[in-house]
Amino acid sequence: MQLRLYDTLTREKRPFVPLDPNNVRMYVCGPTVYDFAHIGNARPVIVFDVLFRLLRHLYGADHVKYVRNITDVDDKINERAAERGIPIRELTEETYNNFRDDIRALGVLMPEDVNLPGKPPRFVEPRATEHIAEMRTIIERLVQGGFAYVAEDHVLFSPQAMNAANSILPRYGALAKRTLDEMIAGARVDVAPYKRDPADFVLWKPSKPGEPSWPSPAGIKAEGRPGWHIECSAMAWKHLGEQFDIHGGGIDLVFPHHENELAQTCCAFHKDRMANVWMHNGFLQVEREKMSKSLGNFVTINELLATDKFGGRPWHGAVLKFAMLQSHYRQPMDWTVDKLKQSRTELFSLSFAAGNANLISQSLAEVAAGIEQPIDEEIVHALCDDLNTSLAITRLRELAKEARNNTAAAKKLLVALKFLGIMDEKSIHYFHMAGPITDVSVGQIVHEKDDGTTIERLRVAQANGQLQRVAELAREIEGWGVSLRFLPDGTFSIESRVATNRGRKVEELIEDRNAARARKDFKESDRIRDELAAMGVVLKDGKDADGNPVTTWEIAR
Ligand SMILES: [Zn+2]
């Protein structure tokens, strides 16, 4: 199937032809780690995760490499660390770990999900501070090539020098579709005195006391630190080479960040292009307004996953992802409470369609046995058209309709949901679960204490991996006088702290029935089963880890 992608540089959608189909390479600009990422930051993470999954499907998991960097040296980081009075490394590590926890809940592939021991990495998250040597090398090359110059301990890149070079190099401004004059007019009025030209941008700058610093390139004595744009040129070069296939990021990065990355890389390595395809996801606004701290509509991924700030409840990560994928990635997107509510309702119906217990256990068994689960062609076809995720979702809805009386469609739906990273067997179970209360008397306690929101919050927190929140909510629920038990399948049950009379009676009957079964008195065994059924108790016969028969029970719903 032919993948077609829209290229920001040429402004056209065209067939994607990898430089090397055995080594398809994608770079995406990652977060600057100084604070929780806002929901707009989740958009490229989700969009390029879908593309990564599609590329792995089309070219094979061994033949795709994904690099998403971490910017861990930046003015905002220095300022925030100083404000909080903590070392920079502590701030960047903490923020990076929070970022990982947040996006993991969104069901995106992580390096540890795809990298295999002893094999070249398929997903790399390089840190800027670990690539200073590569940055210095590129800067030296740019100075030697006449594209950059030293002034007052800074190294500056000269777009004019790039455009004056009569060679295969692209024109500066080609990506942003701006002329140099327009860019100069748009530059800040107060231009630093050491710049030869207002359009020149910083590759390296001296560090102030207390700021991180490294030995400088280009013969500069004072120690310094890199500008932002050079980081990505260095990390892309190190991990993907001088040229690669896809460079992605948010639309706000086109200028100046990507324009400058492209200029640096092409001039340093004498190439006509940096990436074959430049892809940019559209803006995200919140409730029809631009997200900003001053408007009070600034919302982080973490707040959506763990707090009531947006819509009065925490949201399962799959809801956020499903809502995000309904818009085409290049379109601007309006993030609204209504959209999340609709997405949640829709995930319920998709999970019911794909969530029959036999199908789930069959699917898990297939995965464990390494059996390939073919992905619905129409889904792949939709994604191959410049990641048409809304069309892919339309197909999910069709499959859900067919799934009512067609197991093959249900299975296709389950596999497609997994492929897109929307839900897997475990989270389908979460959406599908009818209730965790295993005893009528416990049910009464819970309903007296709670209208269902605390237990729902616990489910969401558990599904999102918010372990601290899980512990808080568990304490709250146990304060009602019941016990919570977390089960190996990722769910939990709420049980009585002391065995109730009813519970004891049920246990006695089960023992009697087990004894009847052991002496092959199936008549008696069936009679006891019916007696229990009349009490509203459903028996489940199974085997424990050692293969011995065990019987569990739950309240019929
Ligand atoms: Zn970048």
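Residues numbered from 1 in each chain as written. Predicted model: local features only at pLDDT ≥ 70, side-chain atom pairs only at ≥ 80, totals over all residues.

Peer 1: Go over the overall build of the protein with me, naming the residues and quoting the values.
Peer 2: Check the secondary structure of the protein and you find 22 helices and 17 strands. Referenced to the eigenvectors of the C-alpha coordinate spread, the extents of the protein come out at roughly 95 × 55 × 45 Å. Sorting the 557 residues of the protein into buried and exposed places 40% on the buried side. For the protein, restricting intrachain contacts to residue pairs at least 6 apart in sequence, the fraction spanning at least 24 positions comes to 68%. (Helix = DSSP H or I, 4+ residues; strand = E, 2+ residues; numbered from the N terminus. Buried ≥ 20, exposed ≤ 12 C-beta atoms within 10 Å, placed from the backbone. Contact = placed C-beta atoms within 7 Å.)

Peer 1: Give me the lowdown on the sheet that holds strand β4 (residues 64-68), citing residues and values where you can.
Peer 2: One open sheet holds the 5 strands; their spatial order is β5-β4-β3-β10-β11, and the pairing between them is parallel. Because the sheet does not close on itself, it has two edges, and the strands there are β5 (123-124) and β11 (275-281). As defined by bridge partners, strand β3 (residues 24-28) adjoins strand β10 (residues 244-250) across 3 bridges and the pair is classed as parallel. Bridge pairing in β10 places Val 28 opposite Gly 248. Contacts from helix α1 (residues 39-59) reach β3, β4, β10 and β11 within the one sheet, and its direction differs from that of β3 by about 175°. (Pairing = 2+ DSSP bridges. Axes fitted to C-alpha atoms, helices over the stretch in contact; angles between N-to-C directions.)

Peer 1: Pulling in residues and values, what's your account of the nonpolar core?
Peer 2: A general trend in soluble globular proteins is that nonpolar side chains are found buried together. Core analysis: the largest hydrophobic core is formed by 132 residues, its most contacted members being Ala 42, Ile 139, Leu 142 and Leu 413. When residues are assigned to domains, this core turns out to be shared by domain 1 (342-432) and domain 2 (440-496), each giving three or more. Filtering out sequence-adjacent residues up to four positions away, Leu 413 remains in contact with Leu 350, Ala 353, Ala 354, Leu 396, Leu 399, Ala 400 and Ala 403. (Core = buried A, V, L, I, M, F, W, Y, C linked by C-beta atoms within 7 Å. Domains from an automatic or database assignment.)

Peer 1: Mind laying out helix α8 (residues 228-240), listing which residues take part and the relevant values?
Peer 2: Helix length check: α8 (13 residues) gives 19 Å between terminal C-alpha atoms against 18 Å at 1.5 Å per residue, within 8%. α8 sits mainly inside the fold: 12 of its 13 residues count as buried. Inspection of α8 places Trp 228, His 229, Ile 230, Glu 231, Cys 232, Ser 233, Ala 234, Met 235, Ala 236, Trp 237, His 239 and Leu 240 among the buried residues, and these make up the whole buried set. (Expected span 1.5 Å × (residues − 1).)

Peer 1: Lay out the sheet that holds strand β7 (residues 154-157) in plain terms, naming residues and giving numbers.
Peer 2: Across a sheet, paired strands are connected by hydrogen bonds in the backbone, their directions being either parallel or antiparallel. Strands sit in the order β6-β7-β8-β9 across an open sheet of 4 strands; the sheet is antiparallel. The sheet is open, and its two borders are formed by β6 (148-151) and β9 (224-226), each paired with just one other strand. Between one strand and the next, the sheet's axes are offset by a mean angle of 20°, whatever the strand orientation. Bridge count for β6 against β7 is 4 bridges, and the pairing is antiparallel.

Peer 1: Could you give an account of the domain arrangement of the protein, naming the residues involved and the relevant values?
Peer 2: Per the domain assignment, the segments of the protein are domain 1 (342-432), domain 2 (440-496) and domain 3 (501-555). Taking only C-alpha atoms, the centre of domain 1 and the centre of domain 2 are 28 Å apart. Its residues placed into classes, the side of domain 1 that touches domain 2 shows 1 nonpolar, 2 polar and 1 charged. (Nonpolar A, V, L, I, M, F, W, Y, C, P; charged D, E, K, R; others polar.)

Peer 1: How would you summarise the environment of Glu 425 if you had to cite specific residues and measurements?
Peer 2: With respect to the helices, strands and loops of the structure, Glu 425 is situated in helix α17 (residues 425-432). As a C-alpha pair, Glu 425 and Ser 351 span 74 residues in sequence and 9.4 Å in three-dimensional space. Discounting residues that sit within four places of it in the chain, Glu 425 has contacts with Ile 360, Ser 363 and Leu 364.

Peer 1: Residue-level account of the pairing of strand β8 (residues 201-206), with values.
Peer 2: Note: β7 against β8, 3 bridges, orientation antiparallel. Among the inter-strand pairings, Leu 156 is bridged to a residue of β8, identified as Val 202.

Peer 1: Let's hear about the environment of Val 380: which residues, and what values?
Peer 2: Turning to its location among the elements, Val 380 is positioned in helix α14 (residues 377-384). Sequence separation between Val 380 and Ala 392 is 12 residues; the distance between their C-alpha atoms is 7.8 Å. Setting aside residues no more than four positions away along its own chain, Val 380 makes contact with Met 1, His 57 and Ile 375.

Peer 1: Can you lay out the packing of helix α2 (residues 75-84) against helix α3 (residues 88-104) for me, pointing to particular residues and giving the numbers?
Peer 2: Relative to each other, α2 and α3 sit at 105°, their axes nearing to 9 Å. Looking at the two axes, α2 sits roughly perpendicular to α3. Here Ile 77, Asn 78, Arg 80, Ala 81 and Arg 84 of α2 lie close against α3, whose contacting residues are Ile 88, Leu 91 and Thr 92. (Parallel < 35°, antiparallel > 145°, perpendicular 65-115°, else oblique.)

Peer 1: Lay out α2 with the relevant residues and their values.
Peer 2: Judged by how many residues are buried, α2 sits mostly at the surface: 1 of 10 residues are covered. Downstream of α2 by a residue or two, Gly 85 has a phi angle that is positive, lying close to 65°.

Peer 1: Provide a residue-level description of unusual backbone geometry, including the pertinent values.
Peer 2: Following Phe 255, the chain continues into Pro 256 via a peptide bond in cis, with omega recorded as 0°. Inspection of the secondary structure assignment puts Pro 256 in helix α9 (residues 254-269). Even without being glycine, Asp 153 reaches a positive phi, approximately 65°. Relative to the helices and strands, Asp 153 is located in the loop between β6 and β7. With 17 C-beta atoms packed within 10 Å, Asp 153 lands in the partly exposed category. Although it is not a glycine, Glu 287 adopts a positive phi angle of roughly 45°. Tracing the chain through its elements places Glu 287 in the loop between β12 (284-286) and α10 (301-306).

Peer 1: Any chance you could break down the packing of helix α5 (residues 132-144) against α9 for me, citing the residues and the numbers?
Peer 2: Following both chains from N to C, one finds α5 and α9 inclined at 70°, their axes separated by 9 Å at the closest point. The angle between the axes of α5 and α9 places the two elements in the roughly perpendicular class. Handedness of the crossing formed by α5 with α9: left-handed. Here Ile 138, Arg 141 and Leu 142 of α5 lie close against α9, whose contacting residues are Gln 264, Cys 267 and Ala 268. (Left-handed = near helix turned anticlockwise from the far one by under 90°.)

Peer 1: Requested: an account of the environment of Ile 139, with residues and values cited.
Peer 2: Note on placement: Ile 139 falls in helix α5. Each C-alpha atom of the pair Ile 139 and Ala 268 lies 7.9 Å from the other, and the pair is 129 residues apart in sequence. With near-sequence residues (within four places) excluded, Ile 139 lies in contact with Ala 148, Val 155, Leu 203, Trp 204, Pro 217, Ala 218 and Ile 230.

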